[in-house]
Amino acid sequence: MADKIDFDKDTLNELVAEFSEMLDTVSNELIDLEKDAENNDLLNSIFRCFHNIKGGAGFAKLTHLVELTHHAENLVDDLRRGRAKANKEIIDILLRTVDVVISMVESVKSCDFPEPADDELLTL
């Protein structure tokens, strides 16, 4: 069994609440992106959410959450810079990533360190 997160409970609860709010935003914006794949405002907002989650996870030393959100952030940055297109496959990958991040945040709520994401999500 992994060690428990040894972090101030109030701060941890605040981080979890912020993560949850950003994940709601990302989920809704990814659905909107399916209809408007070149919307830079959506891409920038999605990028910021993943970036902010990554920063908060780094602050709390949640290594696996940092790793996954960093990968998602890079993928969204490729979309923002025109190195990739926001097609159904990429949006599905990002939605699956959000699901895994939600699961990781649930672990954090219980003061457990999240398990690593599947390599499949980290290599796409």
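All of these numbers come straight from a predicted model, not from anything done at the bench.

Q: Give me the lowdown on helix α1 (residues 9-35), citing residues and values where you can.
A: Given a rise of 1.5 Å per residue, 27 residues ought to cover 39 Å, and the 40 Å separating the end C-alpha atoms of α1 matches this to within 8%. For α1, the complete set of buried residues consists of Leu12, Leu15, Val16, Phe19, Met22, Leu23, Val26, Glu29, Leu30 and Leu33. In this fold, the buried residues of α1 make contact with α2 (40-59), α3 (63-80) and α4 (88-109).

Q: Before we move on, can you summarise the nonpolar core with the specific residues and values?
A: One finds Phe19, Leu30, Leu33, Phe50, Leu62, Leu65 and Leu94 to be the most contacted residues of the largest nonpolar core, which totals 40 residues. Among the secondary structure elements, those contributing two or more residues to this core are α1, α2, α3, α4 and α5 (119-123). In this view, Leu94 contacts Leu30, Phe50, Ala72, Leu75, Val76 and Leu79; residues no more than four positions away in its chain are not counted.

Q: Before we move on, can you summarise the packing of aromatic side chains with the specific residues and values?
A: Taken as a whole and judged by the stated rule, the model has 1 aromatic pair. Between the aromatic rings of Phe7 and Phe59, the centroid separation amounts to 5.5 Å while the plane-to-plane angle is 85 degrees, which identifies the pairing as edge-to-face. Here Phe59 lies in helix α2 and Phe7 lies in the segment before α1, a separation of 52 residues in the sequence. For Phe7, a relative accessible area of 25% translates into the label partly exposed. The ring of Phe47 is capped by Arg80, whose NZ or CZ atom sits 3.7 Å from the centre of that ring.

Q: Give me unusual backbone geometry: which residues, what numbers.
A: If you check the backbone angles, Lys61 has positive phi at about 60 degrees while not being a glycine. Mapped onto the elements of the fold, Lys61 is located in the loop between α2 and α3. Positive phi values are uncommon outside glycine, yet Cys111 reaches one of about 65 degrees. With respect to the helices and strands, the residue Cys111 is situated in the loop between α4 and α5. Judged by its relative accessible area of 15%, Cys111 falls in the buried class.

What counts and how
- Positions within a chain are numbered from 1, following the residues in the order the chain's sequence is written.
- With pLDDT at 70 or above as the cut-off, local features in this predicted model cover only qualifying residues; side-chain atom pairs require 80 or more to be listed or tallied, and sums for whole chains, interfaces and linings still use all residues.
- Hydrogens and waters are ignored; side-chain quantities use all the structure's heavy atoms.
- Numbering of helices and strands starts at the N terminus; helices are DSSP runs of H or I of at least 4 residues and strands are runs of E of at least 2.
- The span expected for a helix works out to 1.5 Å for each residue beyond the first.
- For every residue, the accessible area obtained with a 1.4 Å probe (protein chains only) is divided by the maximum for its type, and the residue is called buried under 20%, exposed over 50%, and partly exposed between those limits.
- Only heavy atoms enter the contact rule, under which two residues are in contact if any of them lie within 4.5 Å.
- Nonpolar cores were defined as sets of buried Ala, Val, Leu, Ile, Met, Phe, Trp, Tyr and Cys residues, with membership established by side-chain atoms within 4.5 Å.
- Pairing of aromatic side chains requires ring centres within 6.5 Å, counting the rings of Phe and Tyr and the six-membered ring of Trp. Pairs whose planes differ by under 30 degrees are stacked, by over 60 edge-to-face, and all others tilted.
- Two limits define a charge over a ring: the Lys NZ or Arg CZ must be within 6 Å of the ring centre, and within 35 degrees of the ring normal.

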